[in-house]
Amino acid sequence: MTAPRLIGAEIFRHSSYGRWHPLRVPRVSTVMDLSRAMGWLPPEQFITAPRAKPKALLAWHTAEYIAALQRVEKTQEPTPQDTQRHDIGTVTNPVYPEIFRRPATAAGGSLLAGELLRDGGIIYNPPGGTHHGMPDRANGFCYLNDPVLAMLSLRRNGVQRIAYVDIDAHHCDGVAAGFHGDPQCLMISVHEERLWPRTGLLEDTAGGAGLNMPVPRGLNDTEMAYIRDRLIIPQVEAFRPDAVVLLCGADGVEEDPLAHLSLSNNAHWAITKALIGIAPRMLVLGGGGYNPWSVGRLWTGVWATLNGHDIPDHLPNEAEAVLRALRFDGNRRGKNPPQHWFTTLRDEPRPGPLRSEITDRVVELSRRAASLRLNV
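It should be emphasised that the depicted structure is a prediction, and the values quoted were computed from it without experimental measurement.

Considerations on helix α4 (residues 63–75)
Stage number 1. With 13 residues, α4 extends 18 Å between its outermost C-alpha atoms, agreeing within 8% with the 18 Å of an ideal straight helix rising 1.5 Å per residue.
Stage number 2. Looking at the buried residues of α4, the elements they touch are α3 (54–57), α5 (80–86) and α6 (101–116).
Stage number 3. Residue Gln76 follows α4 closely and has a positive phi angle near 60°.

Printed below as a string of structure tokens:
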């Protein structure tokens, strides 16, 4: 099997949703720069993401919506219909210079990943993970839904059974809409309960295709390890997928400004490692993450994990310089960042009590999954 490959692009280095938007911070460029500084990203493992052509995006999105994104990028002025019908030009989904090119590049990487995985392997596309996008509108910072497009690309390239695991702090409402009731797809989402978009309730099975694990605030490493070992890995293994797609959102770590969970990045790396090898194909996507240091360190550690690299306790000077160059303007966390954000990738573990809300819900979902398999 060939070495894992990372998909990225320079468009993400300077493109921003605006001065005060949560996605004003650099993320993908930090992963690329840190990975290269660590010697983990030789040229033969890097692929420049192509920009998806409008026709390719019609695999899930409407022609009217794609045309609106292209037009608004040119004019930088949404019409009232663009805002009312497509949610373009709102506070959440603002107009910015690369409003079509940026998401189309992330989607292009995910579409390409489906082709590259035809014969097996591991692909990492950190620009991807825009799991809220809907067919005819932007939603939750997501103008396109590249996870859905990636899974459809896998299907076109011979993959039938797909296990989709989403550990972003927000529920994957767009992916759930795209694969609702699909018997060849298992969707597992671990997300903060009552956090936007407030979907993904425990009782919601996505038409029999989904297991939703809403978790209370303060989810710790101990609890996530329990969810990993008692729910995620057993259910993915039992499903016997042809491909695993992991959306590894970084907004579940304690320092993220938009969620209220208390994980360390060790939890994400452990889930990534545990999923390797369950299926002959694995695609890992980015997702949420709005603290530039925590998301850059976490996603770089994902790449190390996929390659089997040891993560050192202390970073070399070149890698430390990448982290020291980051800024987090407009957020109190950027005023006096702790030293370990500069000197190491690994957080201190954040263990804690295993609450009954977690154990009870895992038992319920495991029982429900067994019932769903019996009814297939």
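So, next bit.
Describing the packing of aromatic side chains
Stage number 1. Under the definition given, this model contains 7 aromatic pairs.
Stage number 2. Aromatic side chains Trp293 and Trp341 sit 5.4 Å apart centroid to centroid with 25° between the ring planes, which places their arrangement in the stacked category. A residue pair is termed long-range when its members are at least 10 positions apart, and Trp293 in helix α11 (residues 292–307) and Trp341 in helix α13 (residues 340–343) qualify at 48 residues. Neither Trp293 nor Trp341 differs from the other in exposure class; each is buried.
Stage number 3. Feature note: the residues Tyr17, Tyr96 and Tyr143 constitute an aromatic cluster, connected by ring pairs.

So, the pattern of salt bridges
Stage number 1. All told, the structure shown has 19 salt bridges when counted by the stated rule.
Stage number 2. A salt bridge links Arg101 to Glu73; the nearest nitrogen and oxygen atoms lie 2.8 Å apart. Within this pair, whereas Arg101 is found in helix α6, its partner Glu73 is found in helix α4, the two being separated by 28 residues in sequence.
Stage number 3. Taking relative accessible area as the criterion, Arg101 reaches 28% and is therefore assigned partly exposed.
Stage number 4. For Glu193, the salt bridge goes to Arg194, with nearest N and O atoms at 3.7 Å.
Stage number 5. Salt bridges sharing common partners tie together Glu254, Glu255, Arg297, Asp347 and Arg350.

Quick look at unusual backbone geometry
Stage number 1. Cis rather than trans, the peptide bond between Trp196 and Pro197 has omega equal to 10°.
Stage number 2. Here Pro197 shows up in the loop between β5 (185–192) and β6 (210–215).
Stage number 3. One non-glycine residue, Arg194, adopts positive backbone phi at about 65°.
Stage number 4. Inspection of the secondary structure assignment puts Arg194 in the loop between β5 and β6.

Some details on α11
Stage number 1. Between its first and last C-alpha, α11 extends 23 Å over 16 residues, near the 22 Å set by a 1.5 Å rise per residue.
Stage number 2. Across the 16 residues of α11, 15 count as buried, placing the element largely inside the fold.
Stage number 3. With a side-chain oxygen lying 3.0 Å from the backbone nitrogen of Trp293, the N-terminal cap of α11 falls on Asn291.
Stage number 4. The positive-phi residue at the C-terminal boundary of α11 is Gly308, with phi of around 75°.

A closer look at the packing of helix α2 (residues 28–37) against helix α12 (residues 317–324)
Relative placement of two packed helices is described by the angle separating their axes and the distance separating the axes.
Stage number 1. Packing of α2 against α12 leaves a shortest axis separation of 8 Å and a crossing angle of 165°. Between α2 and α12, the angle falls in the class roughly antiparallel. Of the two possible hands of crossing, α2 and α12 adopt the one that is right-handed. Contacts from Thr30, Asp33, Leu34 and Ala37 of α2 reach α12 at Glu318, Ala319, Val322 and Leu323.
Stage number 2. Classifying every residue of the contact of α2 with α12 gives 5 nonpolar, 1 polar and 2 charged.

Basis of the calculations
- Residues numbered from 1 in each chain as written.
- Predicted model: local features only at pLDDT ≥ 70, side-chain atom pairs only at ≥ 80, totals over all residues.
- Heavy atoms only, no water.
- Helix = DSSP H or I, 4+ residues; strand = E, 2+ residues; numbered from the N terminus.
- Expected span 1.5 Å × (residues − 1).
- Contact = heavy atoms within 4.5 Å.
- Phe/Tyr/Trp six-rings, centres within 6.5 Å; stacked < 30°, edge-to-face > 60°.
- Buried < 20%, exposed > 50% of the residue type's maximum accessible area, 1.4 Å probe, protein only.
- Salt bridge = Lys/Arg side-chain N within 4 Å of Asp/Glu carboxyl O.
- Polar contact = N/O pair within 3.5 Å; in protein donor to acceptor, adjacent residues only side chain to side chain.
- Axes fitted to C-alpha atoms, helices over the stretch in contact; angles between N-to-C directions.
- Parallel < 35°, antiparallel > 145°, perpendicular 65-115°, else oblique.
- Left-handed = near helix turned anticlockwise from the far one by under 90°.
- Nonpolar A, V, L, I, M, F, W, Y, C, P; charged D, E, K, R; others polar.

Geometric descriptors of this kind do not, in isolation, establish any biological role.
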